Amino acid sequence: MSHTDRRKKRLPLSFSLLYALPVFAAGVPVLAQAATATSATESTTTNTTAKKVTAKKVAGTPATTSSAKTIQQARGTAAGEPETVEVTGSFLRQGRNTSPNPVQIITSKEIQQTGVTNVGDFLQRMPSIGSSGTGNADTNGGAGMSCTDLRNLGSSRVLVLIDGKRMTQTGGSTGSCVDMNTIPVMAIQSIEILKDGGSELYGADAVSGVINIKMRHNINTGGVNLRGDITQRGDNRTGLISGYKGFNFDHDRGNITVMGQYDTQGGVMMKDRAWSRYPQASNGSNPNYGSIISTNGTFFDPNTGAAAYNGTSQGGLTPYSKSSRYNYNNDSSLLNNTQNASLMGDAHYDFSKHFTLYSNVMYSHKTSWTQMAPMPAMGSVAPSTLPSSIMIPSDYPGNTSGEEMQMYRRMGEFGNRKTETAVDSLTAKVGASGEIIAGWMYDASFTYGSTMSSFQTSGVGNYGKLLREWGLEAVTPGDSGSDLMYNPNSCMGYAGCVQSSALGSLSPQAAQYANYTEHDNSQYTMRDFNARIHNDHVVKMPYKGGGDLGIALGMEHRGEQLSYRPDPLIAQGGSLTNTVTPTSGGFDVSEAYLQGNLTLLHNVPFAKNLSIDGQGRYSSYNTFGSTYNWKAGINWAPTRDVAFRGTLGTSFRQPSVSEMYGGTLMSYLGANDPCDMTQITTYGGRQAAVMANCMKQGINSNTFQQAGSGQVGTLIGGNSKLRPEVGRTYTFGATFTPHWIPGLSTSASFWHYRVSDTIGALSTQYILDGCYTGSSPGMCQNVARLSNGQINTVSALNTNLGSMTTSGVDWDLSYRFRVSEADWFMVENNFQRLVSYKQQQVPGGPHYNYLGSITYQSGGTSNPTVRDYATLTWHHNNFSVTYMMQYMSGMHWNDGTYTIYKADGYGRVKSPSMVMQDLTFNYNLKRWNFQFEIQNLADKQPPFLVNTSSNSNDSTYGGWYAGRSFLLQAGMNF
């Protein structure tokens, strides 16, 4: 975690909720999603492929019953007929076992039994969900967002939908994503994960797949739910209250449903966990802990780059001692403090079988709070013209060394950095659907999404004012590389300025003058028009055993805009925190898509079902021109017990707004200077080359010490010259549902992705190693050092890297069996075996094998060979017990290029396998449901990893951070 990164702002909940109410009130009269007119109870997603659907008869209104049947028949679900459904990956209704696409279906009950308060935390349990997303354990720049990643291909390559339509994203200083924290958990009916790509049907950003969250609709009941959670150590207090109520009207032709949820999570401090209390900043045989930058200041010899002195509390100097390193984890958050209020309104009205109006409005107001140690004062970064290093002149009062010194000082007088974030997110959808004629159906909708975010960080300091109080002025004003001179009267003429010493503490009045609180804002807007017609039964094949041809075609026009407006002082580089320049940009795309599904054979010998599926999408961007993507699939079920499937498709992803137009941001990322006297010993056979390249720049690696605490200032940001990514995906697998073992269903799939011209930024360590080992001399142009040898910045802007390939095997199992009239069991298992994961960092360069490895330091991904999530439930009448287990295999550490070994001088080099266990008890008493859960049953701690902050890997092991927790929940339906 970086010590000079950004923190963000919180707004009053009661005030912000008022924004949503007029929008919702205006949308209700024209709302709708087709009423099935089947039952007053909520429909649920199951694995059954042949439900019976019966129209509800209303006493004394026979005409209504007839109307309901007519509408139902128009949708192809007439009473007494097997139900076909639209599963993610297709716009045509099919039986779930006849689709060639590998789709995982998660029910609301599975989500709620885990006790999670947001969708992202639940999805992280799934083996297919990767580690490059953002979660609540990302306290440095995460802003309390939950961004999901599929197959470790990145959150920018997975498409998140709500009921098959796009949802608004949340933007920040470095990117944007669909924030899973804004989706009310209690409003979810099911989640469908398409795990083989979907660009050809859903759009460019569905490279790795689609996560389609299906919400609850057509409800005429009500319910409330209360939940509380606390850790064994008494922190991270979590609470949730939710409620819903639905109303049918006009003889069930229409429905209005309202849902609301409020949840809060108290957070955890790093000092409150033994394993994160003191940060390890390096991994040599003699590791460093904490930061070399203390509140009294650390002073470096400008000629050798070695630490020479520590400051004292009295404003003097004392010879440098490693024991004076600063423990910044005493003041830092381990888990974010979050609050989220969500409100959803859903309605529809069936005018006739030809015309149904529907609408859905989702609003959320989310706040998060996190804390970091006081800001270090180290100098400026571009584009600032202020001094890039703080040089204390030899004649400065109190400088007893007799020579010029470079100072790094942590500004404890400014207090801890506190970041508060407030995000208001709105997604409003309105549309119409129905039958055109002869089985041809239409669905047209418009979705508007808007997210407004505000970020506030205190304690970032005003660099210019601080230098003024210290009496330090540039010899050459406007030159960031200028030396400094002492002016004892620098505060003269500046109201509030207090003449002070850089070697001593600031008075409260002086700290008030030089401190600063930044305010940043971002806004994301989406407009999406989607229209489609489809017919599941266009024509029947004219031979015995022939099936139907189904066709779906449509068009979509979408526009997205994102802007990020940093505080003016931050944009100018005038503070002590990271420099951020403004972001603004957008794109428009017009698309047309076509799908055809042909059942070649049905219910004949050796072909219970044989169908082929073809999909294509043409896209025209105002930024990159046009492209066409396609996918073909086949499903063959020789008997009703087994089905074989396969798909082959292409993908195309244009760079996002933030990837192209994002302003340059200074961030301190985990990395070690190769020339550091400790780090150079870890290069093994490459050590001689590293030492020689350091000597060329006048750095003596025998005495040189890196000033940062395992972190290097890195310039990241957008690149308007980026090219789109292209890819190809294929899968094949089988589903086994033996009729002689009722309740058993199992499937296995092999999947393979290849993405070329991947968009991303090289890791800081990769750039440094490429330069100083001599493997990539061109990388040296991205490394800028100060005159004393310390790294000033490393440039790692977005670029088109080489190709990425990954493949693996999924195995899913579901088995329900009864042992008595009162007792039955449910066993479910999701397993993933990673077969390969290779990344080419630069075009034409070598492919690095990251299978079974985790990125050393911070950032990057983890690629465990095996992941598994299993549940076992025992039901006894109204009582049930569920045991849940997550497994993740151990991983070797990788520095972004090579697997590291102890023989190279490292301390630890691997992380062990991990198991997470939860136990849930449920009891139903009439309309009431009670749940008690023990999360992290064994109180397992996360494994150690040097990441300069939490001593673990946030995105991989964040679920273990809180430790053992206890949850109690009560709910009532009415």
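See the structure shown above.
What you are looking at is a predicted structure, and each value in this text was computed from that prediction instead of being measured.

Asker: Would you explain the overall build of the chain in this entry?
Answerer: Each helix and strand in the chain was counted, giving 13 helices and 49 strands. The globule rule puts the C-alpha radius of gyration for 974 residues at 30 Å, and the 30 Å found for the chain is close to it. Its C-alpha atoms give the chain principal-axis dimensions of roughly 100 × 60 × 55 Å. Relative to its full complement of 974 residues, the chain shows a buried share of 61%. Within the chain, contacts between residues separated by at least 24 positions form 74% of all contacts whose residues are at least 6 apart in sequence. With the model as given, the accessible surface of the chain reaches about 35200 Å², and the carbon-plus-sulfur share is 57%. Averaging the coordinates of the 72 positive side-chain charges in the chain and doing the same for the 67 negative ones gives two points 6 Å apart.

Asker: Would you mind going over helix H7 (residues 463–470) with me for this structure?
Answerer: Helical periodicity: at 3.6 residues per turn, an α-helix aligns residues three or four positions apart in one direction. Of all the positions in H7, only Tyr463, Leu466, Leu467, Glu469 and Trp470 are classed as buried. Seen from one end, H7 has its buried residues packed into an arc of 160°, which puts them on one side. As for H7, its buried residues are in contact with strand S18 (376–377), strand S20 (405–410), strand S23 (472–474), strand S24 (484–486) and helix H8 (508–514). Where H7 begins, one side-chain oxygen reaches toward the backbone nitrogen of Gly464, 3.2 Å away; that side chain belongs to Asn462. Positive backbone phi, approximately 75°, marks Gly471, located one or two places after H7.

Asker: Could you clarify how one ought to interpret a nonpolar patch on the surface in this entry?
Answerer: Among the surface-exposed residues, Ile436, Ile437, Ile533, Leu553 and Leu594 lie close enough to one another that they form a single nonpolar patch of about 420 Å² accessible area. Examined against the element boundaries, Leu553 turns out to sit in strand S26 (residues 548–565). What makes Leu553 partly exposed here is its relative accessible area of 34%.

Asker: Can you help me understand the sheet that holds strand S32 (residues 711–716) in this one?
Answerer: Here we have 4 strands laid out as an open sheet, ordered S31-S32-S37-S36, and mixed in their pairing. Unpaired on one side and paired on the other, strand S31 (665–670) and strand S36 (783–785) mark the two borders of the sheet. The average undirected angle you get between the axes of adjacent strands in this sheet is 30°. The sheet contact formed by S36 and strand S37 (residues 791–795) spans 3 bridges and is antiparallel. Within the sheet, the bridge partner assigned to Arg785 lies in S37 and is Ile791.

Asker: Before we go on, may I ask you to explain the sheet that holds strand S42 (residues 853–855) in this structure?
Answerer: Strands belonging to one sheet form pairs held by backbone hydrogen bonds; the direction of such a pair is parallel or antiparallel. Across the sheet, 3 strands lie side by side as S42-S45-S46; this open sheet has mixed pairing. Two strands lie at the open edges of the sheet, namely S42 and strand S46 (910–911), each paired on one side alone. Pairing of strand S45 (residues 891–894) with S46 involves 2 bridges; the strand directions are antiparallel. Residue pairing for S46: Met891 is matched across the bridge by Ser911.

Asker: I keep staring at the pattern of salt bridges and nothing clicks. Help me out?
Answerer: Pairs can form between side chains of opposite charge whenever their charged atoms are close. Applying the stated criterion to the full structure yields 25 salt bridges. Note that Asp196 is salt-bridged to Lys631, the shortest N-O span being 3.2 Å. In this pair, Asp196 is assigned in the loop between strand S6 (188–194) and helix H6 (199–202) and Lys631 in strand S29 (residues 625–639), connecting sequence segments 435 residues apart. Here the salt bridges do not stand alone but share partners, grouping Arg166, Asp205, Glu556, Arg558, Glu560, Glu591 and Arg617 into one network.

Asker: What am I meant to see in the state of the cysteines here?
Answerer: By definition, a disulfide is the covalent link that joins the sulfur atoms of two cysteine residues. By the definition in use, this model includes 4 disulfides. Shown here is the disulfide that connects Cys147 with Cys177, its sulfur atoms set 1.9 Å apart. Measuring handedness by torsion sign, the sulfur bridge of Cys147 and Cys177 sits at about -50° and is left-handed. Separated by 30 residues along the polypeptide, Cys147 in the loop between helix H5 (119–123) and strand S2 (158–162) and Cys177 in strand S5 (residues 176–177) bring together distant segments of the chain. Given the relative accessible area of 8%, Cys147 is considered buried. Under the relative-accessibility criterion, Cys177 is labelled buried at 5%. A sulfur-sulfur separation of 1.9 Å characterises the disulfide bridge that pairs Cys675 with Cys694. The disulfide joining Cys675 to Cys694 has a torsion of about -95° about its S-S bond and is therefore left-handed. Of the two residues, Cys675 is situated in the loop between S31 and helix H11 (687–696) and Cys694 in helix H11; the sequence distance between them amounts to 19 residues. When sorted by exposure, Cys675 lands in the same class as Cys694, which is buried.

How each quantity is defined
Residues numbered from 1 in each chain as written. Predicted model: local features only at pLDDT ≥ 70, side-chain atom pairs only at ≥ 80, totals over all residues. Heavy atoms only, no water. Helix = DSSP H or I, 4+ residues; strand = E, 2+ residues; numbered from the N terminus. Rg over C-alpha atoms; globule rule 2.2 N^0.38 Å. Buried < 20%, exposed > 50% of the residue type's maximum accessible area, 1.4 Å probe, protein only. Contact = heavy atoms within 4.5 Å. Areas by Shrake-Rupley, 256 points an atom, 1.4 Å probe, with all protein chains shown as cover. Lys, Arg positive; Asp, Glu negative; His and termini not counted. Charge placed at Lys NZ, Arg CZ, Asp CG, Glu CD. Arc of directions from axis to C-beta. Polar contact = N/O pair within 3.5 Å; in protein donor to acceptor, adjacent residues only side chain to side chain. Patch = residues over 30% accessible without salt bridge, like charges linked within 9 Å, V, L, I, M, F, W, Y side chains within 5 Å. Salt bridge = Lys/Arg side-chain N within 4 Å of Asp/Glu carboxyl O. Pairing = 2+ DSSP bridges. Axes fitted to C-alpha atoms, helices over the stretch in contact; angles between N-to-C directions. Disulfide = S-S within 2.5 Å.

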